[in-house]
Amino acid sequence: MMKTAKITSVVLAILSISLLSKVLIPSYVKVAPGRVTLFDLSATYTEDPSILKSITLAYVPEGTYTLSASYVENMAKRKDLEVSFESSIITIYATSSLSRENQKSELDQEVLDLASTVFASITEENECLDNATFQILQTSGSIDGTPTFEYKDLGMGKFSVLAKSDDKYLYMMMDVKCPKKVLITKKLLRFGDVIKPDFLEEATKDVFKILGTPASTSDAFYSKAMRMFKPGDVIVQEGIKRKPDVVKGQLLLAYIALPGLHISTVVRSLQDAYVGEVVRAENISSGKIVMGVLEEGPVLKVMEVER
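What you see is a predicted model, and the numbers here were worked out from it, not measured in a lab.

Engineer: Please clarify how the sheet that holds strand 12 (residues 168-177) should be interpreted in this entry.
Structural biologist: Backbone-to-backbone hydrogen bonds join strands into a sheet, with any given pair of strands oriented parallel or antiparallel. Taken in spatial order, the 4 strands of this open sheet run 9-12-11-10, and their pairing is antiparallel. If you trace the sheet from one side to the other, it starts and ends with strand 9 (133-141) and strand 10 (148-155), each paired once. Ignoring which end each strand starts from, the neighbouring axes of this sheet average 20° apart. Sheet analysis places strand 11 (residues 158-165) next to strand 12, joined by 8 bridges and oriented antiparallel. Across the sheet, residue Ala-163 finds its bridge partner in strand 12, namely Leu-170. On top of the sheet, helix 6 (residues 109-126) reaches strand 9, strand 10, strand 11 and strand 12; it is set at about 50° to strand 12, its chief contact.

Engineer: Would you mind showing me how to read helix 4 (residues 69-77) here?
Structural biologist: Since there are 3.6 residues in each turn of an α-helix, residues three or four apart along the chain are aligned in direction. Inspection of helix 4 places Ala-69, Val-72, Met-75 and Ala-76 among the buried residues, and these make up the whole buried set. All buried residues of helix 4 lie within an arc of 130° about the axis, which places them on one face of the element. In this structure, the buried residues of helix 4 make contact with helix 2 (38-41), strand 5 (56-60), strand 6 (63-68), strand 7 (83-85) and strand 8 (89-94).

Engineer: Explanation requested: the side chain of Ser-42 in the structure shown.
Structural biologist: Tracing the backbone shows Ser-42 in the loop between helix 2 and strand 4 (44-45). Within the local environment of Ser-42, its side chain forms a polar contact with the backbone oxygen of Leu-38, the two atoms lying 2.6 Å apart. Not counting residues up to four positions away in its chain, the partners in contact with Ser-42 are Val-23, Leu-24, Ile-25 and Leu-52.

Engineer: Even after reading the chapter, I still don't get the pattern of salt bridges, so can you show me in this structure?
Structural biologist: Opposite charge on two side chains permits pairing when their charged atoms draw close. Inspection of every chain in the model, using the stated rule, returns 6 salt bridges. For Asp-206, the salt bridge identified is with Lys-209, shortest N-O distance 3.3 Å. The class of Asp-206 is buried, set by a relative accessible area of 19%. As a salt-bridge pair, Glu-282 and Arg-268 come within 3.7 Å of each other at their nearest N and O atoms. Pair noted here: Glu-282 is in strand 19 (residues 278-283) and Arg-268 is in strand 18 (residues 261-269), with a separation of 14 residues, a long-range link. Overall, the relative accessible area of 27% leaves Glu-282 in the partly exposed class.

The rules we used
Residues numbered from 1 in each chain as written. Predicted model: local features only at pLDDT ≥ 70, side-chain atom pairs only at ≥ 80, totals over all residues. Heavy atoms only, no water. Pairing = 2+ DSSP bridges. Helix = DSSP H or I, 4+ residues; strand = E, 2+ residues; numbered from the N terminus. Axes fitted to C-alpha atoms, helices over the stretch in contact; angles between N-to-C directions. Contact = heavy atoms within 4.5 Å. Buried < 20%, exposed > 50% of the residue type's maximum accessible area, 1.4 Å probe, protein only. Arc of directions from axis to C-beta. Polar contact = N/O pair within 3.5 Å; in protein donor to acceptor, adjacent residues only side chain to side chain. Salt bridge = Lys/Arg side-chain N within 4 Å of Asp/Glu carboxyl O.

Shown next as structure tokens:
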């Protein structure tokens, strides 16, 4: 009888332990890149899934990572959850082959509506093509109805969003891809090379992943390369010096504007120059040297005649 009682007490003890372990974490888990919660790691659970989803353990890009069981256990204890583990180390494999659309469907409709509104503003502002896309990387907080929001460009396509509705706040991190037609070089360009139109071609690139501001045809054609561009590189404004608006020896119209008097003549530029710069030029008819500000046209507004 004593022996039976002892066996019974041992069984009850085992059952009590198993009942306390309401969440089981395996040693290897596949997840989608981005926010990883206790829910993502749980093989079995008896708790409310929303509680598990509220416990953020990490933010990971694609790749393989590890978490210690003790860290996960301490995070779970904050919500009074008991967790059991297959091993002391959990290996996480983050792969984009796991569709984030499944995760998006679990988000509140208000969050999705906000993300879509922000996405529309970003794509319009940056003149993205129709195949632009976005992903929600993380959210925290909550909102209701139609919130006010502001977003900030963090670089490389990452945007932080802060939204407010009544007395509620929501923070969101988004990854946006913005494809645009840009100019790339078909051949190696070295420092000082003049960039001719037949050196370039159009290609579709995600502009948020380009380091610099893509140059337009008007800026790029016949500009000078100020660094090396390898075949396939995007031509950016920061890497070129655009063709001068006036080149040395060019003839242009010059004028002097006085109250009730307007005198114009033809001059020859003595230097390369851009609109807005001060230019020295030679008066064709008199041979005198004049100085003035180069204006759109281009024309030269004479400010001084050298004696």
